[in-house]
Amino acid sequence: MSKETALLKSMFSFTKTPLICSAPMLGTTGPDLITAVYKSGGLGFLGAGFDLTNLSANLAHTHSLLPDITPLPIGIGVILFRADLSLFLSSLKSHPPVAVWFFAPETAEQLDTWIINTKSHYPQIKIFVQLGSVKELKALLAGPAGEGIDVIVAQGVADSGGHGLCRGASVVGLVPEFRNVIRESGRVIPVLAAGGIVDGCGAAAALALGASGVVMGTRFILTPECAAADGFKEYLLNLSDGGQNTTRTRIFDTLRGTGFWPQQYNGRGAMNGTLRDDESGMAESENRELYEKALASGDWERLTMFCGTGVGSIQDLQPAGEVVVSVRDGAVKALWEAAQEFAGL
Ligand SMILES: Cc1cc2nc3c(=O)[nH]c(=O)nc-3n(C[C@H](O)[C@H](O)[C@H](O)COP(=O)(O)O)c2cc1C
């Protein structure tokens, strides 16, 4: 086992290897989902987003589902550019989690500040940072918070669902380069792969690239425990050919009232009527009116549905715990079969 994978295992001894994580997804990953992920040997992240007003209540709810376990064997994902650091730190007091996940800072300095403050208040909490470029990784490692990072999530934005950098590679390019840069810095930091992974084969590919585990977002939307609307789930189940039928754009945010994301980010979601009208020149005001009507009538053909390119391979809703087990076992099986086929083992 590599030093990185062994370190990851030692951080979260209640998990099974390879580590399967459910991504924090604002508005969709709540206590039921992350508890199910934990119970199957994975690590689930609460999608706290940027408005942390309900974070403390959500942690209390999660604690009620896992009453005898301290610290809470879950993580919390925060979108930094709009989040309040003091509210965050105070919200963790009653039920501290084992991990936090930082994403989308306004600036590199903001990310450093959050890491340094979280480590000084809660030294036992492991810090995950999700990044989409080698440039960001190098700056983070060389900066004042470099020593505080425990796990890096390599977000391959060429496939990943939801927000990420407007431009970027897939995990195929990103994971090996991240691993090399970290090793060259002299640090041992496990890398997790995120973006387009929905099954054991995808996870096996990420592990072969040098990841110590994987993160999935879209796959966990299509679980009964996910809080996403039924219409959203149904739409995704009927979607195939994710490279053609999802895209990265800012129009999904603009129309649903979250156009305040910093310019370097956009979001990948299912292509729909809203996008087609935008691309054929419809005025934003008219498109917004249609969006509002669709919201009132539940017409998902026009609403924002963030998801990744792997969506086409997902055939059914599957309980979150089963997803964890099938992806973990499927990854090991796929690696074993590849070794037999190509290395004569
Ligand atoms: C609906 C949705 C919401 C998301 N919300 C967040 C979020 O709140 N915080 C975050 O760090 N990442 C968020 N992400 C991105 C995930 O962290 C992850 O990078 C992505 O889901 C991986 O790609 P995949 O969806 O193909 O598995 C979201 C993704 C989706 C699909």
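See the structure shown above.
Structural notes, computed from the coordinates.

Cut-offs and rules
- In every chain, residue numbers begin from 1 and rise along the written sequence.
- Since the coordinates come from a predicted model, pLDDT governs what is reported: local features require at least 70, and pairs of side-chain atoms require 80 or more to be given and counted, while whole-chain, interface and lining totals use all residues.
- By convention in this description, side-chain values take in all heavy atoms of the structure and omit both hydrogens and water.
- Of the grid points, spaced at 1 Å and generated over the protein atoms alone, those admitting a 1.4 Å probe that cannot get out make up cavities, while open sets with protein on both sides within 12 Å along at least five of seven lines make up pockets; any residue with an atom within 4 Å of a point is treated as lining.
- Grid points are joined across faces, edges and corners, and a volume is the space filled by probe spheres set on the points.
- Each helix is a run of H or I in the DSSP string that is no shorter than four residues. Each strand is a run of E no shorter than two, and both are numbered from the N terminus.
- For this scheme, ten residues count as nonpolar: Ala, Val, Leu, Ile, Met, Phe, Trp, Tyr, Cys and Pro. Four count as charged, namely Asp, Glu, Lys and Arg, and the remainder, Gly too, count as polar.
- How far each domain reaches was decided by an automatic or database domain assignment.
- Two strands pair under a simple rule: DSSP has to find at least two bridges between them.
- Only the contacting stretch of a helix is used when fitting its axis, a line to C-alpha atoms as for every element, and angles between N-to-C directions run 0 to 180 degrees.
- With a 1.4 Å probe rolled over the protein chains alone, any residue whose accessible area is under 20% of its type maximum counts as buried; one over 50% counts as exposed, and the rest are partly exposed.
- Handedness of a crossover is defined as follows: orient the strands so they point away from the viewer, and if the path from the first strand over the helix to the second runs clockwise, the crossover is right-handed.
- Nearness is defined per residue: one heavy atom within 4 Å of the molecule or strand is enough.
- Under the rule applied, a polar contact is a pair of N or O atoms within 3.5 Å (in protein, one hydrogen donor and one hydrogen acceptor; residues adjacent in sequence only if both atoms are side-chain atoms).
- Each accessible area value is a Shrake-Rupley result obtained with a 1.4 Å probe; residue values ignore everything except the protein chains displayed when judging cover.
- A molecule is counted as occupying a cavity or pocket when more than half of its atoms fall within 2 Å of that pocket's grid points.
- Whether two aromatic rings pair depends on their centres lying within 6.5 Å, for rings of Phe, Tyr and Trp, where Trp uses its six-membered ring; planes under 30 degrees apart make the pair stacked, over 60 edge-to-face, and the rest tilted.
- For this analysis, residues touch if any pair of their heavy atoms sits within 4.5 Å.

Let's talk about the layout of surface pockets
Reasoning step 1: Considered as a void within the structure, the largest pocket measures approximately 820 Å³ in volume.
Reasoning step 2: As for the largest pocket, its lining consists of 46 residues, of which M25, L26, T28, G162 and F306 are closest to the centre.
Reasoning step 3: The set of elements that each furnish at least two residues to the lining of the largest pocket consists of β2 (43-49), β3 (72-79), β4 (97-103), β7 (162-165), β9 (213-216), α9 (218-221) and α14 (284-297).
Reasoning step 4: In terms of residue class, the lining of the largest pocket is made up of 26 nonpolar, 19 polar and one charged.
Reasoning step 5: The residues that make up the lining of the largest pocket include at least three from each of domain 1 (3-226 + 316-343) and domain 2 (230-309).
Reasoning step 6: Taken as a whole, the second largest pocket spans an internal volume of roughly 330 Å³.

Comments concerning the sheet that holds β9
Reasoning step 1: Spatial ordering of the closed barrel is given by β1-β2-β3-β4-β5-β6-β8-β9, a layout of eight strands whose pairing is parallel. Going across the sheet, the axis of each strand differs from the next one's by a mean of 25 degrees, ignoring polarity.
Reasoning step 2: Strand direction decides the pairing type here: strand β8 (residues 191-194) and β9, joined by three bridges, are parallel. Paired with A194 across the bridge in β9 is V215.

Observations regarding the pairing of β3
Reasoning step 1: Burial analysis of β3 places eight of its eight residues in the buried class, which makes it a mostly covered element.
Reasoning step 2: Side-chain alternation along β3 places L72, I74, I76 and V78 on one buried face and P73, G75, G77 and I79 on a second face that is also buried.
Reasoning step 3: Strand direction decides the pairing type here: β2 and β3, joined by four bridges, are parallel. Bridging from a neighbouring strand, F45 pairs with G75 of β3.
Reasoning step 4: Crossover β2 to β3 through helix α3 (residues 55-65) is right-handed.
Reasoning step 5: As paired elements, β3 and β4 share six bridges and run parallel to each other. Bridge pairing in β4 places I79 opposite F103.
Reasoning step 6: This β-α-β element, β3 to helix α4 (residues 85-91) to β4, shows right-handed connectivity.

Let's talk about the sheet that holds strand β11 (residues 265-270)
Reasoning step 1: Judged by pairing direction, the sheet is antiparallel, and its three strands sit side by side in the order β7-β11-β10 without closing on themselves. Bordering the open sheet on either side are β7 and β10 (246-249), each of which pairs with just one other strand. Direction aside, neighbouring strands of the sheet carry axes that sit 30 degrees apart on average.
Reasoning step 2: Judged from the four bridges that link them, β7 and β11 form a sheet pairing that is antiparallel. Residue pairing across strands places G164 opposite N266, the latter belonging to β11.

A short note on the site of the ligand
Reasoning step 1: Taken together, 21 residues sit near the ligand, with W101, Q130, G196, G217 and T218 positioned nearest.
Reasoning step 2: For the ligand, an oxygen atom lies 2.8 Å from a polar atom in the backbone of G217.
Reasoning step 3: Within the side chain of T218, an N or O atom sits 2.6 Å from an oxygen atom of the ligand.
Reasoning step 4: Compared with its free state, where it exposes 590 Å², the ligand has 97% of that area covered by protein.
Reasoning step 5: When atoms are counted within 2 Å of each cavity's grid points, the one that captures over half of the ligand is the largest pocket.
Reasoning step 6: Only β4 and α9 provide two or more residues apiece to the shell around the ligand.
Reasoning step 7: Tallied by class, the residues present in the shell around the ligand amount to ten nonpolar, ten polar and one charged.

Points about the packing of aromatic side chains
Reasoning step 1: In this structure the tally under the stated criterion is 17 aromatic pairs.
Reasoning step 2: Taking 5.1 Å as the distance between ring centres and 40 degrees as the angle between the ring planes, the aromatic pair formed by F88 and W114 counts as tilted. With F88 in helix α4 and W114 in helix α5 (residues 108-121), this residue pair connects regions lying 26 residues apart in the sequence. In terms of burial, F88 and W114 fall into one category: buried.
Reasoning step 3: Members of the aromatic cluster, each reached through a chain of ring pairs, are F12, F14, Y38, F45, W101 and F128.

Observations regarding the side chain of Q130
Reasoning step 1: By secondary structure assignment, the location of Q130 is in strand β5 (residues 126-131).
Reasoning step 2: Judged by relative accessible area, which is 9%, Q130 ranks as buried.
Reasoning step 3: Those residues in contact with Q130, other than ones at most four positions away along the chain, are W101, F102, F103, V153, Q155 and A194.

Taken by themselves, the reported measurements are silent on function.
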